[in-house]
Amino acid sequence: MGRSRNRHPGNNYVLVIFDSCRFDSFLKASPRTMSKFGRLEKRWSYASWTAPSHYNLLSGLLPHSNPKHVFASQYYTRDFAKFSDRLGLKDIKFESLIPKLYFPSFLKEGLGYRTHAMVSLPVLNPQTVLNHGFDTYRLMEKHNDMRAMVRSMEFPEDRPSFYLLNVGETHYPYALPGEPPEKWPRISGVHGVFKHLDSQRVGGKLKRPRDKFFNGRVMKTLHERQVEAVRYLDGVVEELFDLAPKNTWITITSDHGELFGEADQFGHGPILHEKVFEVPFVDGRLR
Ligand SMILES: [Zn+2]
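Values in this document were obtained by computation on a predicted structure and should not be read as measured data. One numbering rule holds for all chains: residues counted from 1, following each sequence as written. pLDDT decides what is reported in this predicted model: residues at 70 or higher carry local features, side-chain atom pairs at 80 or more are listed and counted, and totals for whole chains, interfaces and linings draw on all residues regardless. Hydrogen atoms and water are omitted, and side-chain values are computed over all heavy atoms in the structure.

## Considerations on the overall build of the chain
Per the convention used, a helix needs a DSSP run of H or I reaching at least four residues, while a strand needs a run of E reaching at least two, with both numbered from the N terminus. When helices and strands are tallied, the chain shows 9 helices and 10 strands. Here the chain, with 287 residues, has 56% of them falling under the buried criterion. Sequence-distant contacts, at least 24 apart, represent 73% of the contacts inside the chain between residues at least 6 apart. The Shrake-Rupley method, run with a 1.4 Å probe sphere, supplies the accessible areas, and residue values consider only the shown protein chains as cover. Accessible surface, the chain: about 13200 Å² in total, of which carbon and sulfur atoms supply 52%. Three labels apply to residues, based on accessible area from a 1.4 Å probe with only protein chains included: buried if under 20% of the type maximum, exposed if over 50%, partly exposed otherwise in between. It only takes one pair of heavy atoms within 4.5 Å for two residues to be counted as in contact.

Below you can see the structure in the form of structure tokens.
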């Protein structure tokens, strides 16, 4: 109520990536706020880990719907045309991205957007090539605090804003900001490399599937922690909805899924399994 509406042509656009959030975790969490503004779809990520998946997302290709009887090029063109609705601007075409094929640059240079990224995982840090076409690009202090991102967002009235939010609460160890690190679950062999929060090295074939760390109960607990993270994030997203002006389009999705013991594997990255590609997708405009 009483939400302002920016005066500029074009919608603000916020792309929220719940890192590692598997589709069924989102479904099980049944988040009220996030389900209210758009239909939840099951989609598939183009990549199995954080860096290539974010590059793909920032090239304007959101998780795909695994369409049948269509050539890839036709699908890209059709899918990208939906940005006309998202941005509230006519004639947004995939060809508009040529030659850079990079969405933040297109928004900034082609359409006059202010462009901002706030990322949780160091593998996406500001020194990476992903930081192209952004006015500001921040690696957050904590890897699991979306609320800190929302609280620093601004939507000036003169020009539309684009935000990429890479959210870490849903990434291993699925910890909420208030949970002390000594209470986080520790998986031997994963935790050691996790100190770098390098998703590339999190995941892989479990060497000792019968190890007690990798038994069904532990994996179930980890999966449940991801579900809880989504429930918690629903409240943070509500704060984002309250803050953003009416003409703001928000997409909530994930960069890839996660394995919780399927095929004796945990995590994501060097894994070929359909659950690593299944992601939630909710898309809509605030009213
Ligand atoms: Zn990721």
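## Concerning the environment of Arg225
Looking at the element boundaries, Arg225 is found in helix α9 (residues 216-243). What makes Arg225 buried here is its relative accessible area of 17%. Separated by 200 residues in sequence, Arg225 and Ser25 place their C-alpha atoms 9.2 Å apart. Setting aside its immediate chain neighbours within four residues, Arg225 contacts Pro173, Tyr174, Ala175, Glu179, Trp184 and Pro185. Side-chain polar atoms of Arg225 contact the backbone oxygen of Tyr174, separated by 3.2 Å. Counted as a polar contact is a pair of N or O atoms within 3.5 Å, where, for protein atoms, one must be capable of donating a hydrogen and the other of accepting one, and residues adjacent in sequence contribute only when both atoms are in side chains.

## Thoughts on unusual backbone geometry
Note on backbone geometry: most residues besides glycine have negative phi, and most peptide bonds are trans. Looking along the chain, the bond that leaves Ile98 and enters Pro99 is cis, with omega of 10 degrees. Mapping Pro99 onto the fold places it in the loop between α5 (83-87) and α6 (103-111). Unusually for a residue other than glycine, Ser30 sits at a positive phi of about 45 degrees. Within the secondary structure layout, Ser30 lies in the loop between α1 (23-29) and α2 (32-36). Its relative accessible area of 51% is what places Ser30 among the exposed residues. Notably, Leu101 is not glycine yet its phi reads approximately 55 degrees, a positive angle.

## Some thoughts on the coordination of the zinc ion
Only N, O and S atoms count as donors, using a 2.8 Å cut-off from the metal and 3.2 Å for Na, K and Ca, and because water is excluded some sites may appear unfinished. For the zinc ion, the full set of protein donor atoms is Asp19 (OD), Asp19 (OD), Thr50 (OG1), Asp255 (OD) and His256 (NE2), and the range of their distances to it is 2.0 to 2.8 Å. Read in sequence order, the donor residues for the zinc ion give the motif D-x30-T-x204-D-H. Within this pair, whereas Asp19 is found in the loop between β1 (12-18) and α1, its partner His256 is found in the loop between β7 (248-253) and β8 (259-260), the two being separated by 237 residues in sequence. Each member of the pair, Asp19 as well as His256, carries the same accessibility label: buried.

## Thoughts on the sheet that holds strand β10 (residues 278-285)
Only strands that DSSP links by at least two bridges are regarded as paired with each other. The sheet built from 7 strands is open, its strands ordered β2-β10-β7-β1-β5-β3-β4 with mixed pairing. Sheet topology places β2 (41-44) and β4 (136-139) at the edges, where each strand pairs with a single neighbour. This sheet shows a mean twist of 15 degrees between the axes of neighbouring strands, independent of strand direction. Two elements, β1 and strand β5 (residues 161-167), share 6 bridges in a ladder whose sense is parallel. Under this scheme, a helix contributes an axis fitted over its contacting stretch, all axes are lines through C-alpha atoms, and angles between N-to-C directions fall in the 0 to 180 degree range.

## Concerning α6
Buried within α6 are the following residues: Phe103, Pro104, Ser105, Phe106 and Leu107. Contacts made by the buried residues of α6 are with β1, α3 (50-58), α4 (72-81), α5, β3 (114-119) and β5. Looking one or two residues beyond α6, the residue adopting positive phi is Gly112, at roughly 75 degrees.

## What to know about the pairing of β10
Taking burial as the measure, the 8 residues of β10 include 7 buried ones, the bulk of the element. Strand direction decides the pairing type here: β7 and β10, joined by 5 bridges, are antiparallel. Counterpart to Ile252 in the pairing with β10 is Val282.

## Overview of the confidence of the model for the chain
Chain-level pLDDT for the chain is 90 on average; 88% of the residues reach the 70-or-more range. Within the model, the stretch residues 192-205 combines pLDDT values under 50 with 35 contacts to residues more than four positions away or in other chains. Values of pLDDT, which run from 0 to 100, indicate the predictor's confidence residue by residue.

## Here's the deal with the pattern of salt bridges
When a carboxyl oxygen of Asp or Glu lies within 4 Å of a side-chain nitrogen of Lys or Arg, that pair is called a salt bridge. For the coordinates displayed, the defined rule picks out 18 salt bridges. Between Glu224 and Lys28 there is a salt bridge; the shortest N-O distance is 2.9 Å. Here Glu224 is found in helix α9, whereas its partner Lys28 is found in helix α1, with 196 residues between them in sequence. The shortest N-O distance in the salt bridge between Lys100 and Glu109 comes to 3.2 Å. When salt bridges with common partners are traced through the structure, they connect Arg39, Glu41, Arg43, Asp79 and Lys82 into a single cluster.

## Considerations on the packing of aromatic side chains
Between 30 and 60 degrees the pair is tilted, below 30 it is stacked and above 60 it is edge-to-face, where a pair is any two Phe, Tyr or Trp rings, Trp via its six-membered ring, whose centres lie within 6.5 Å. For the structure on display, the rule yields 20 aromatic pairs. With a centroid separation of 6.5 Å and an interplanar angle of 35 degrees, the aromatic rings of Phe18 and Phe26 are classed as tilted. Neither Phe18 nor Phe26 differs from the other in exposure class; each is buried. Relative to Phe103, the ring of Phe83 has its centre 4.5 Å away and its plane inclined at 45 degrees; by these criteria the two rings are tilted. With Phe83 in helix α5 and Phe103 in helix α6, this residue pair connects regions lying 20 residues apart in the sequence.

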